[in-house]
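# Geometric and topological summary
Letter by letter, the chains look like this.
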Amino acid sequence: MKKYTQEEWENICRRCGKCCLIKLEDESTGEVYYTNVICRYFDEEHMCCSVYDKRCELVPGCLKLTPENVDKLAWMPKTCAYRELFENKKSSIKTTIKGRVIKETEISEEEIEKHIVDWEDL
Ligand code: SF4
Ligand code: SF4
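Small disclaimer: the values here were computed from a predicted structure and weren't measured.

Analysis parameters
- Positions within a chain are numbered from 1, following the residues in the order the chain's sequence is written.
- Chain A is the first chain written and ligand 1 is the first ligand written, with later ones labelled in order.
- Two thresholds apply to this predicted model, a pLDDT of at least 70 for residue-level local features and 80 or more for giving and counting side-chain atom pairs, whereas whole-chain, interface and lining totals are computed over all residues.
- Think of the side-chain values as coming from all heavy atoms in the structure, minus any hydrogens and water.
- Going along the chain from the N terminus, every DSSP run of H or I of four or more residues is numbered as a helix, and every run of E of two or more is numbered as a strand.
- Only protein chains enter the calculation, and the probe is 1.4 Å; a residue is then buried if its accessible area is under 20% of its type maximum, exposed if over 50%, and partly exposed in between.
- Here, proximity means that at least one heavy atom of the residue falls within 4 Å of the molecule or strand.
- Side-chain classes are defined by residue name, with Ala, Val, Leu, Ile, Met, Phe, Trp, Tyr, Cys and Pro counting as nonpolar, Asp, Glu, Lys and Arg as charged, and the others, Gly among them, as polar.
- Salt bridges are defined as contacts in which a side-chain nitrogen from Lys or Arg sits within 4 Å of a carboxyl oxygen from Asp or Glu.
- Between N or O atoms, a polar contact is any pair within 3.5 Å; within protein, one atom must be a potential hydrogen donor and the other a potential acceptor, and residues adjacent in sequence are included only when both atoms are from side chains.
- Residues count as neighbours in contact if any of their non-hydrogen atoms are within 4.5 Å of one another.
- Two strands pair if DSSP finds at least two bridges between them.
- Any Phe, Tyr or Trp ring, taking Trp's six-membered ring, that has another such ring centre within 6.5 Å forms a pair; planes under 30 degrees apart are called stacked, those over 60 apart edge-to-face, and the others tilted.
- Put simply, a charge is over a ring when the Lys NZ or the Arg CZ is close to the ring centre, within 6 Å, and near the line of the ring normal, within 35 degrees.

## Quick look at the overall build of the protein
Looking only at helices and strands, one finds three helices and five strands in the protein. The helix and strand sequence of the protein, counted from the amino end, reads α-β-β-β-β-α-α-β. Counting only C-alpha atoms, the protein reaches 45 × 30 × 25 Å along its principal axes. Every one of the 122 residues in the protein was classed for burial, and the buried ones make up 30%.

## Points about the site of ligand 1
Every residue near ligand 1 is listed here: C20, C39, Y41, F42, C49, R55, V59 and C62. Partitioning the shell around ligand 1 into residue classes produces seven nonpolar, no polar and one charged.

## As for the pattern of salt bridges
Scanning the entire structure with this criterion turns up six salt bridges. One salt bridge in this structure joins R40 and E104, with 3.2 Å as the shortest N-O distance. One end of the pair, R40, is in the loop between β2 (32-38) and β3 (42-43); the other, E104, is in the segment after β5 (102-103), and 64 residues separate them in sequence. We classify R40 as partly exposed; its relative accessible area is 42%. When its relative accessible area of 23% is taken as the criterion, E104 is described as partly exposed. We note a salt bridge from K89 to E87, for which the minimum N-O separation is 3.2 Å.

## Some points on the side chain of E84
By the secondary structure assignment, E84 is in helix α3 (residues 81-87). E84 sits in the buried class, given a relative accessible area of 2%. In terms of polar contacts, E84 uses its side chain to reach the side chain of S91, at 3.3 Å. Apart from the residues within four sequence positions on either side, E84 is in contact with R14, K78, T79, K89, K90 and S91.

## Re the pairing of strand β1 (residues 21-25)
As paired elements, β1 and β2 share four bridges and run antiparallel to each other. Each bridged residue has a counterpart across the sheet, and for K23 the counterpart in β2 is Y34. Between the antiparallel neighbours β1 and β2 lie six residues, among them G30 with a positive phi of about 80°.

## A look at the packing of aromatic side chains
Under the counting rule described, the total for this entry stands at two aromatic pairs. Arranged with centres 5.6 Å apart and planes meeting at 55°, the rings of Y4 and W9 form a pair that is tilted. Seen in terms of ring centroids, W9 and Y82 are 4.6 Å apart; in terms of plane orientation they differ by 45°. Their pairing is tilted. Of this pair, W9 sits in helix α1 (residues 6-12) while Y82 sits in helix α3, placing them 73 residues apart in sequence. Judged on exposure class, the residue W9 and its partner Y82 are both buried. Every member of this aromatic cluster is reached through a ring pair, and the members are Y4, W9 and Y82. Here R55 stacks its cationic end above the ring of Y52, 3.8 Å away from the centre of that ring.

Set out below in structure tokens:
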């Protein structure tokens, strides 16, 4: 992969918000299920993380994407701009999560499984 400046790397993101959806993993199969519930720190109005600089401290499961790990995150949405870049694919799907999610603070932990959805455009 070519070398990117920090700014170039950040600008690849198309702010779809799909990576900030809460995911559930079936421990026996390793299968990952996406929900329509979004991280409490996602700012849906501006379509960005509201705690970007501290995201990895505040949300242990929030990983920092880098050119070195982008190929190792199999659960990243298929339409993620970084994944497409790594896989050398261009998808025509440019949808976002805007208006299609609820915040994790709006539901209880027990309810989360009821929010598993099939995001056809993920
Ligand atoms: S902390 Fe920010 S980047 Fe991480 S999942 Fe939440 S909203 Fe997304
Ligand atoms: S899924 Fe990829 S392109 Fe979309 S917001 Fe997350 S990092 Fe950016």
